[in-house]
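Single-letter residue listing:
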Amino acid sequence: MTLDEELHRIFADERLAVTTTGEASKRIVAGARRIRTRRRNMAIGASGLAVAGVFSAGFCLLPPTAPNPGMLPQALTDVSSTAAQAGAPRMRVIRADGAEPIRWGMSASEVLGTGAVKPVPENTGPCYVPGQLTTWFHGDSGTLVGVNSKDGVSYIRATDQIRTEQGVAPGATAAELHTAYPGLSDQDPSVALTPDRRLHFEVRDGTVSSVALIATSLRCAGAGKAN
Amino acid sequence: MAADGLMVVPPRTRGRANWGEVVGDNFADFVHAALPGLLRYGHALTGNPHDAADLVQSVLEKVGARWTTLLRKGFEPHAYVRRAMANAHISRWRRTRRENLVDAVPDQQAPCQPDRLENEPIWQALRALPPRQRAVVVLRFYEGLSETEIATTLGISNGTVKSQASKALATLRTSLGPDGEGGYPT
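On a predicted model such as this, the values are computed, not experimentally measured, just so you know.

The rules behind these values
Residues numbered from 1 in each chain as written. Chains lettered and ligands numbered in written order. Predicted model: local features only at pLDDT ≥ 70, side-chain atom pairs only at ≥ 80, totals over all residues. Heavy atoms only, no water. Pairing = 2+ DSSP bridges. Helix = DSSP H or I, 4+ residues; strand = E, 2+ residues; numbered from the N terminus. Axes fitted to C-alpha atoms, helices over the stretch in contact; angles between N-to-C directions. Buried < 20%, exposed > 50% of the residue type's maximum accessible area, 1.4 Å probe, protein only. Phe/Tyr/Trp six-rings, centres within 6.5 Å; stacked < 30°, edge-to-face > 60°. Expected span 1.5 Å × (residues − 1). Polar contact = N/O pair within 3.5 Å; in protein donor to acceptor, adjacent residues only side chain to side chain. Disulfide = S-S within 2.5 Å. Salt bridge = Lys/Arg side-chain N within 4 Å of Asp/Glu carboxyl O.

Colleague: Honestly, the sheet that holds strand β2 (residues 98-99) of chain A in this entry has me stumped. Any pointers?
Modeller: Strands in a sheet are paired, the pairing made by backbone hydrogen bonds, and the direction either parallel or antiparallel. All names here are of chain A. Spatial ordering of the open sheet is given by β3-β2-β1-β9, a layout of 4 strands whose pairing is mixed. Looking at which strands have only one partner, the edges of the open sheet turn out to be β3 (102-103) and β9 (163-164). Pairing of strand β1 (residues 93-95) with β9, which is carried by 2 bridges, proceeds in the parallel orientation. Directly across from V93, in β9, lies its bridge partner R163.

Colleague: Where do I start with the sheet that holds strand β12 (residues 207-215) of chain A in this structure?
Modeller: All names here are of chain A. Pairing within the open sheet is antiparallel, and its 7 strands lie in the order β4-β6-β7-β8-β12-β11-β10. Of all the strands in the sheet, just β4 (117-119) and β10 (190-194) have a single pairing partner and so form its edges. Neighbour-to-neighbour, the strand axes of the sheet open up by a mean angle of 20 degrees, direction not taken into account. Looking at chain direction, β4 and strand β6 (residues 134-139) are connected through 3 bridges and run antiparallel. By the bridge assignment for β6, K118 is matched with H138.

Colleague: I keep staring at the pairing of strand β11 (residues 197-204) of chain A and nothing clicks. Help me out?
Modeller: The side chains of a regular strand alternate between both faces of the sheet. All names here are of chain A. Burial within β11 is extensive, with 6 of its 8 residues counted as buried. Of the pairings in the sheet, the one linking β10 to β11 comprises 4 bridges and is antiparallel in character. Within the sheet, the bridge partner assigned to A192 lies in β11 and is R198. In this structure, the hairpin formed by β10 and β11 is closed by a connection of 2 residues. Sheet analysis places β11 next to β12, joined by 8 bridges and oriented antiparallel. Residue pairing for β12: R198 is matched across the bridge by I214.

Colleague: Help me out: how do you make sense of the packing of aromatic side chains in this one?
Modeller: To describe a pair of aromatic rings, you give the distance between the ring centres and the angle between the ring planes. Tallied over the full model, the rule gives 7 aromatic pairs over all chains. When the centroid spacing of 5.2 Å and the interplanar angle of 45 degrees are considered together, the rings of A:Y181 and A:F201 count as tilted. With a gap of 20 residues between them, A:Y181 in the loop between α4 (174-180) and β10 and A:F201 in strand β11 connect regions that are remote in the sequence. Comparing A:Y181 with A:F201 shows no difference in burial state: the two are buried. With centroids separated by 6.1 Å and ring planes inclined at 25 degrees, the aromatic side chains of B:Y41 and B:Y142 adopt a geometry described as stacked. You can see B:Y41 sitting in helix α1 (residues 27-46) and its partner B:Y142 sitting in the loop between α6 (131-141) and α7 (147-154), a full 101 residues away along the chain. Across the pair, exposure class does not vary: B:Y41 and B:Y142 are buried alike. An aromatic cluster of three or more residues is present, and its members are A:F11, B:Y41 and B:Y142.

Colleague: What exactly am I supposed to notice about helix α2 (residues 49-65) of chain B here?
Modeller: Quick reminder: α-helices carry 3.6 residues per turn. Residues three or four places apart thus point the same way. Residues and elements named next belong to chain B. End to end, α2 covers 24 Å across 17 residues, agreeing with the expected 24 Å (1.5 Å per residue, within 8%). The buried fraction of α2 amounts to 16 of the 17 residues, a majority that puts the element mostly inside the structure. Here α2 starts with a cap whose side-chain oxygen sits 2.9 Å from the backbone nitrogen of H50, and that cap is N48.

Colleague: Mind showing me how you'd approach the state of the cysteines here?
Modeller: Cysteine pairs can be linked by a disulfide, which is a covalent bond between their two sulfur atoms. Residues and elements named next belong to chain A. All chains considered together, the criterion is met by 1 disulfide over all chains. The residue that forms a disulfide with C127 is C220, at a sulfur-sulfur distance of 1.9 Å. In this structure, the disulfide formed by C127 and C220 twists by about 105 degrees around the S-S bond and is classed as right-handed. A residue pair is termed long-range when its members are at least 10 positions apart, and C127 in strand β5 (residues 127-128) and C220 in strand β13 (residues 219-220) qualify at 93 residues. Judged on exposure class, the residue C127 and its partner C220 are both buried.

Colleague: What's the story with the pattern of salt bridges in this structure? I'm lost.
Modeller: Where side chains of opposite charge bring their charged atoms close, a pairing between them can arise. Applying the stated rule across the entire model yields 15 salt bridges over all chains. A:R95 is the salt-bridge partner of A:E165, the closest N and O atoms lying 3.3 Å from each other. Of this pair, A:E165 sits in the loop between β9 and α4 while A:R95 sits in strand β1, and the two are 70 residues apart along the sequence. Linking B:R127 and B:E118 is a salt bridge whose minimum nitrogen-to-oxygen distance equals 2.6 Å.

So, in structure tokens, the structure goes:
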């Protein structure tokens, strides 16, 4: 068989087909509607930030599988620029080891070096670890990163353009969240990814409003409260 | 545009997809009709079903947000989406990803769906190609586009298409034969 024939064969292979959830089309249409609404609100709003390259929020198109916290990281970061941080990398998938380009345990200088975040004025944040200084950074999409003086990055949160390995993103409904993570408590919607860190979902009015990866050693006020 | 408001997509006479479909000017109808084909195409472009789903979803959502404008400007949706997918994939790879040229290892396996083509040597060789070379190969052998059509799709010159195709095929031949499986004649 020639190379041309082999290429035609592989591209005709039925295994190239990708099966999706039954809701895939609906989710795409809903995602497009969200982008349209967001752009309209941005045009009307007074934030002064122009967002280019808005990505999908919502749900993975493919049928979910069990989470694998031990999976090695993939660099799935997208780098659509914004007026505020032109060319800065964007978070995409949040896992046990962080959300590229922010990795769990990174130092403050490494976090700044990613270009994805800037220091929070007055260095205020929702959590702390007794005996450690926590430095806070913020970026686009409601991104908040907490870096402890001893452990490095111990808190990563985003309110947009982020999703979990199960495909849950801000904008997902509470029903979709519970489908992806059966047994999730309504009082404390958190999933332990490793013994020392958990994934916490903030749910408001039946919709996921933020996703955060939080060290269990952190003491947090309100949402994201550690045990 | 037909008188009843439906957009008729003429059938393709080359390549893998024969789009003798009639799609409404409704975006949801377009997505429902086009999604399986776009996912296949995305799988060919990206090399794994997870990234394919990601690519299709992100491009379609952006296209959907501008659907009425695109239709009004006379864009043919299938061609537009496929072009957008090829370019989005190349851009994304250039900016953020480091290709693993050694192995397609399990840690790259999609959390959502395993890749059933993992054991095909030609598939592994295709995945190891740089993204633009792979896009040229996909557009030529999957989509059946001409050199000029590929150049227009990717926004590059005919000469660049030629050289990218030549490099890609040379790499594939080296990867797969004569010592590997295949032994492809030149």
